[in-house]
Amino acid sequence: MFKKIIILCLILNFTGLNAFSTDDIGNKVNEKEYPAADAVLPKKTGDADFVIEGSVEKNIDMTLDKCIELALGNNPQINAAFHDILASDSRIKQVWSNYFPQLSWQTGYTRIRQLQLSDVFGRNLTFNYFILGQITLQQMLYDFGVTQNQATIKRLDYEAYKTTLGATINDIIFQTKDAYYNLLYAFENKRVAEDTVNKFEMFYNQAKAFYEIGMNPKVDVTIAEVNLSNAKLQLIQADNAVNLAIAKLNNVMGVPFIDKYNVQERLKYEPVDITFNGAIEIAREARPELKLAELKVESANQTLKLVKKSYFPTLSVEGQFQVGGKSWASNYGYNFGGYLNFPTVNGMLIKNEIQEARYLYDKEIANAKNTQNQIYLEIQNAYLLLEEKKKQMPVAMLGVKQAKENYELSYGRYRVGEADPTELKDAQINYQQAQLNYYNALYQYNSAKASLEKSIGKNLVANSSDIVELGK
């Protein structure tokens, strides 16, 4: 017994583990080297302002707000949708141009040989006719509401493009948030992988020390080497995952060649309080796709009214002044008149055009109802997913705490020769997996919250049912 105590003391001196006593072997851990298990839990800043934070180190530069700002200013989809609005506005003005006067000018020369008169008079009769200038001014006075209907359709198209821009912005903000949270998650995984490498290095050094003094067999060293190699491989993969996440975020922001930056924020768990019925009410007012469906229905209705006016005439006035004659300026003349122009009527064609427009109108009504149903389902899925992820957070946090305590005890026992390497390896792997599960749950919660915000068209404020505009 005395010999065993001496050997243990030599081991402790050799490995620098003087913090342990023989009475507490396997029961206590070095608090300086291994903090208490509570330290692994996310921080709480108070009941009034409850925010749970991860452990990504704060560096500099990039935040979520800056990412959204870059995306709104550089994403090509937003730029394309904005120019659709400008083009649509021009089309409205093109329709109203029907009420602007039309001015034309022409000149020419005509040589005419009258065959019938030549036969009567017995000789060839040839005429030269010159037009120095002919100016025509035409003004449409009234078309019985045709232009009005056309302008209304173009205005509805303009509103539809504006709504489409809002939907595009809504989607890009969601993509930016999800990509940003994915980047933070990748940083967390990398940190866990680095921590795992450090722990397996300590495991390897410990196993090597035991082997050199004859306490443990060589297989323990081999197992430690394999574990360390696997941990380093996982670290390489985690580091590459960070680079891929950065590339994805840059692409969503529309700046794939942006200079390297450091992420300043960390993953957070910020509970939001909103009911399902509250989410539905918000979506009715804010979801762009609902308004777009209504605009399409009204546009189809206006098209039906326009087709029914295919029989209507156009009232216009026209004035003309002309200089010409036998020579370029031998004479002049003018005319002025009003016209009621009736279109060429094809009864069968117009009848079927009206039927087609009516069917398309009914189709848009059905599409609007389908859009409402799809958005309702989308909100329902996002809301239920958010509730699920919210319930997972306490379980994930508790798992990290338990796995850390188990690892600390196992490592303490192994350092004094009371545990085998398999027990320590299992404890370390369980602890690593518990951390990864926690950060994955944290990422999924934030992604689910962003998805719910997209589905209702508004941002949610933590610990409040209040809302703010997207991008604000």
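Rules of the game
Counting restarts for each chain, with residues numbered from 1 along the sequence as it is written. Thresholds applied to this predicted model are a pLDDT of at least 70 for local features of residues and 80 or more for the giving and counting of side-chain atom pairs; totals over whole chains, interfaces and linings are not thresholded and use all residues. Computation of side-chain values: all heavy atoms of the structure, hydrogens and water removed. Any Phe, Tyr or Trp ring, taking Trp's six-membered ring, that has another such ring centre within 6.5 Å forms a pair; planes under 30 degrees apart are called stacked, those over 60 apart edge-to-face, and the others tilted. Numbering of helices and strands runs from the N terminus; a helix is a DSSP stretch of H or I covering at least four residues, while a strand is a stretch of E covering at least two. The buried label goes to any residue with under 20% of its type's maximum accessible area, the exposed label to any with over 50%, and the partly exposed label to all in between, with areas taken from a 1.4 Å probe on protein chains only. Should DSSP find at least two bridges between two strands, the strands are regarded as paired. All axes are obtained by fitting lines to C-alpha atoms, using only the stretch in contact for helices, and the reported angles, taken between N-to-C directions, cover 0 to 180 degrees. Oblique is the label for every angle not falling under 35 degrees (roughly parallel), over 145 degrees (roughly antiparallel), or within 65 to 115 degrees (roughly perpendicular). Helix crossings are classified by the rotation of the near helix relative to the far one: an anticlockwise turn of less than a right angle makes the crossing left-handed, while a clockwise turn makes it right-handed.

(A) Broad picture of the packing of aromatic side chains. One pass over the full model with this rule turns up twelve aromatic pairs. Arranged with centres 4.7 Å apart and planes meeting at 70°, the rings of Y269 and Y445 form a pair that is edge-to-face. One end of the pair, Y269, is in strand β4 (residues 268-269); the other, Y445, is in helix α10 (residues 421-456), with 176 residues separating them in the sequence. What makes Y269 buried here is its relative accessible area of 7%. Judged by its relative accessible area of 0%, Y445 is buried. Feature note: the residues Y142, F144 and F312 constitute an aromatic cluster, connected by ring pairs.

(B) Summary view of the pairing of strand β5 (residues 314-325). Pairing between β5 and strand β6 (residues 331-341): eleven bridges, direction antiparallel. Across the sheet, the residue bridging to T314 is N341, located in β6. Where β5 folds back onto β6 in an antiparallel hairpin, the turn is made up of five residues.

(C) A look at the packing of helix α9 (residues 347-415) against α10. The contact between α9 and α10 brings their axes to 7 Å, and the two run at 160°. Compared by their axis directions, α9 and α10 come out roughly antiparallel. Here the hand of the crossing between α9 and α10 comes out left-handed.

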